[in-house]
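In case you want the letters, here they are:
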Amino acid sequence: MVNVTGTSPSSLLPDIPVPSASYGSWFPSHKGMIILGILTGYIASSIFFLKFPTLIHRKKKQAFKCTHISHRGGAGENLENTMTAFRHARSQGTEMLELDVHLSLDGEVVVAHDGVLTRTAGHAGRIAETNFADLPEMLESLSVCFGNVNTARASNADRRMPLLREVFAEFPTLPINVDLKENSDVLVRKTSELIKEFRREHLTVWGNARDAVAQKCRRENPNIPMFFSIRRALVTLLLFWTGLLPFLPIKEEFFEICMPSIFLNTSTSFAVAKRSTRLTIWIFDKLMMRKTLIDHLKKRGIQVYIWVLNDEADFTRAFELGATGVMTDFPTLLSNYLKERPHYFLPTHL
């Protein structure tokens, strides 16, 4: 048939887009598909090994597991870090004593939290500048650092700062957590020697918040279990949120962390008031207090202790998150709490 108008029949059809030969505008690029596949595989494997870490890591094993830990021997019920406090905590069923050590001028390992004597003894000077025999007695009452405006008073005449040797001798089978407060090679060496002398490498945890001190402890005696320094705890938190944690080894055996929300409790003497700081603490609390993280560490044989908790609401939150143990200034309070909730109680020795 003759086209009278002279127009080609094909020109009467609507324009239909035809994909190019490479299909680049229709489908993800080859490189994009590879990246997507790698990312999907990484996320899936990270989640899998977060739940089943022993498939690639050997589970750590310790001679004890503690639910009830007495901070400074129970600083809310007796003068902190005294033999009286330690004895009282033990009578209340504590499974671990937490204490701090400094080195005196004459080289004795002294149990005390503060290196400066002002707060604890009302004297100027430092433990490091004083011979052990010349150290003053502690004050008759001390404020509780993590308490609700509480004051602990001496229940007897015992206001003396003891030696670490004395504590080890009186509690030979009780696990003890030793926080070395000085960045001192001598303190690290002498503490290690005492631990070995009393044959309690398997019953002692040591370290410090400062990574430099923690590293010295590891180099001095790698057979003594360690708790995380602040730096190592933050690195672990970063690895958790980036998904890398399940794939990497962990040297430490005890993850001892603060529950940041305690600093938001306005009924306490140490509550933070500044709004911007409170927001930062709230964010850290949401990032750190994760049951998934705690469960992963426990599956790898790393015990998780949360400090310093001094009321039942915080006890409950810690145990519901899966914490192995709680560190408190009030051992009687925690003992009574656990008696009413035996499902949280763990045997001291495995």
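Structural data are supplied above this passage.
Before going into details, it helps to say that this report is about the structure given with it. Keep in mind that what you see is a predicted model, and the values were worked out from it rather than measured.

This brings us to the overall build of the protein chain. Along the backbone of the protein chain there are eleven helices and ten strands. By the compact-globule yardstick of 20 Å for 350 residues, the protein chain is too spread out, its C-alpha radius of gyration being 29 Å. By its C-alpha atoms, the protein chain is 125 × 40 × 40 Å across when sized along the principal axes. Evaluated residue by residue, the protein chain yields a buried proportion of 48% over its 350 residues. Restricting the contact set of the protein chain to residue pairs at least 6 apart, pairs at least 24 apart contribute 67%. Total accessible area computed for the protein chain in this model is approximately 17900 Å², and 60% of it derives from carbon and sulfur atoms. Computed over 41 positive and 35 negative side-chain charges, the inter-centroid distance for the protein chain is 8 Å.

All right, on to the pairing of strand β1 (residues 68–71) then. Neither face of β1 is open: one carries His68 and Ser70, the other Ile69 and His71, and all of them are buried. Sheet topology note: the β1/strand β10 (residues 325–328) ladder contains three bridges and is parallel. The residue bridging serine 70 from the neighbouring strand is threonine 328, located in β10. Summarising the sheet, β1 and strand β2 (residues 96–103) pair through three bridges and their orientation is parallel. Each bridged residue has a counterpart across the sheet, and for serine 70 the counterpart in β2 is leucine 97. This β-α-β element, β1 to helix α2 (residues 83–91) to β2, shows right-handed connectivity.

Turning our eyes to something else, we now look at the nonpolar core. With 35 residues, the main nonpolar core has Phe255, Ile306 and Leu309 as its most contacted residues. Broken down by secondary-structure element, the contributors of at least two residues to this core are α7 (230–242), β8 (254–258), α9 (291–299), β9 (303–307), α10 (312–321) and α11 (331–340). Counting 27 residues, the second-largest nonpolar core is a separate cluster that includes Val111, Val178, Leu180 and Leu187.

Counted by the stated rule, this structure contains 18 salt bridges. Aspartate 100 serves as the salt-bridge partner of lysine 181, at 3.8 Å between the closest nitrogen and oxygen. Highlighted residues: lysine 181 in the loop between β6 (176–180) and α5 (185–197) and aspartate 100 in strand β2, separated in sequence by 81 residues. A relative accessible area of 24% places lysine 181 in the partly exposed class. Across the salt bridge formed by arginine 231 and aspartate 211, the nearest N and O atoms sit 3.7 Å from each other. Placement of the pair is arginine 231 in helix α7 and aspartate 211 in helix α6 (residues 211–220), with a sequence separation of 20 residues. A relative accessible area of 14% places aspartate 211 in the buried class. In this structure, a network of salt bridges that share partners links the residues Arg72, Glu80, Asp114 and Arg119.

Looking now at empty space enclosed by the protein. Per the stated rule, a full pass over the model turns up two cavities of 30 Å³ or more. Taken as a whole, the largest cavity spans an internal volume of roughly 80 Å³. Around the largest cavity, the lining comprises eleven residues; the ones closest to its centre are Phe146, Thr268, Phe270, Asp311 and Asp314. Considering only residue class, the lining of the largest cavity consists of five nonpolar, four polar and two charged. Size it by volume and the second largest cavity reaches roughly 50 Å³. As for the second largest cavity, its lining consists of Glu80, Asn81, Val111, Ala112, His113, Asp114, Thr120, Met138 and Met161.

All right, on to the layout of surface pockets then. Looking at the largest pocket, its volume works out to about 650 Å³. If you go around the largest pocket, you meet 30 residues; those closest to its centre are Ile230, Glu256, Ile257, Cys258 and Trp307. Those elements that provide at least two residues to the lining of the largest pocket are β2, α7, β8 and α8 (275–288). Across the lining of the largest pocket, the residue classes tally to 19 nonpolar, five polar and six charged.

For the rest of this paragraph, the subject is the side chain of asparagine 78. Relative to the helices and strands, asparagine 78 is located in the loop between β1 and α2. The class of asparagine 78 is buried, set by a relative accessible area of 5%. In terms of polar contacts, asparagine 78 uses its side chain to reach the side chain of serine 155, at 2.9 Å. Excluding its chain neighbours within four sequence positions, the residues that come into contact with asparagine 78 are Thr84, Ala85, His88, Ala152, Arg153 and Ser155.

Given a rise of 1.5 Å per residue, 22 residues ought to cover 32 Å, and the 32 Å separating the end C-alpha atoms of helix α1 (residues 30–51) matches this to within 8%. Among all positions of α1, only Ser46, Phe49 and Leu50 are buried. End-on, the buried residues of α1 take up no more than an arc of 105°, which puts them together on one face. Among the exposed residues of α1, those pointing more than 90 degrees away from its buried face are His30 and Lys51. In this structure, the buried side of α1 is in contact with α7 and α9.

Our focus in this paragraph is a nonpolar patch on the surface. A cluster of nonpolar side chains, contributed by Phe48, Phe52, Leu55, Ile56, Leu244, Phe247 and Leu248, occupies part of the molecular surface with about 610 Å² of accessible area. Along the chain, leucine 55 turns up in the loop between α1 and β1. Residue classification places leucine 55 among the exposed positions, given a relative accessible area of 57%.

Conventions adopted
- Residues numbered from 1 in each chain as written.
- Predicted model: local features only at pLDDT ≥ 70, side-chain atom pairs only at ≥ 80, totals over all residues.
- Heavy atoms only, no water.
- Helix = DSSP H or I, 4+ residues; strand = E, 2+ residues; numbered from the N terminus.
- Rg over C-alpha atoms; globule rule 2.2 N^0.38 Å.
- Buried < 20%, exposed > 50% of the residue type's maximum accessible area, 1.4 Å probe, protein only.
- Contact = heavy atoms within 4.5 Å.
- Areas by Shrake-Rupley, 256 points an atom, 1.4 Å probe, with all protein chains shown as cover.
- Lys, Arg positive; Asp, Glu negative; His and termini not counted.
- Charge placed at Lys NZ, Arg CZ, Asp CG, Glu CD.
- Pairing = 2+ DSSP bridges.
- Right-handed = clockwise from strand over helix to strand, strands pointing away.
- Core = buried A, V, L, I, M, F, W, Y, C linked by side-chain atoms within 4.5 Å.
- Salt bridge = Lys/Arg side-chain N within 4 Å of Asp/Glu carboxyl O.
- 1 Å grid on protein atoms, 1.4 Å probe; cavity = no way out; pocket = protein on both sides within 12 Å on 5 of 7 lines; lining within 4 Å.
- Points joined across faces, edges and corners; volume = space filled by probe spheres on them.
- Nonpolar A, V, L, I, M, F, W, Y, C, P; charged D, E, K, R; others polar.
- Polar contact = N/O pair within 3.5 Å; in protein donor to acceptor, adjacent residues only side chain to side chain.
- Expected span 1.5 Å × (residues − 1).
- Arc of directions from axis to C-beta.
- Patch = residues over 30% accessible without salt bridge, like charges linked within 9 Å, V, L, I, M, F, W, Y side chains within 5 Å.

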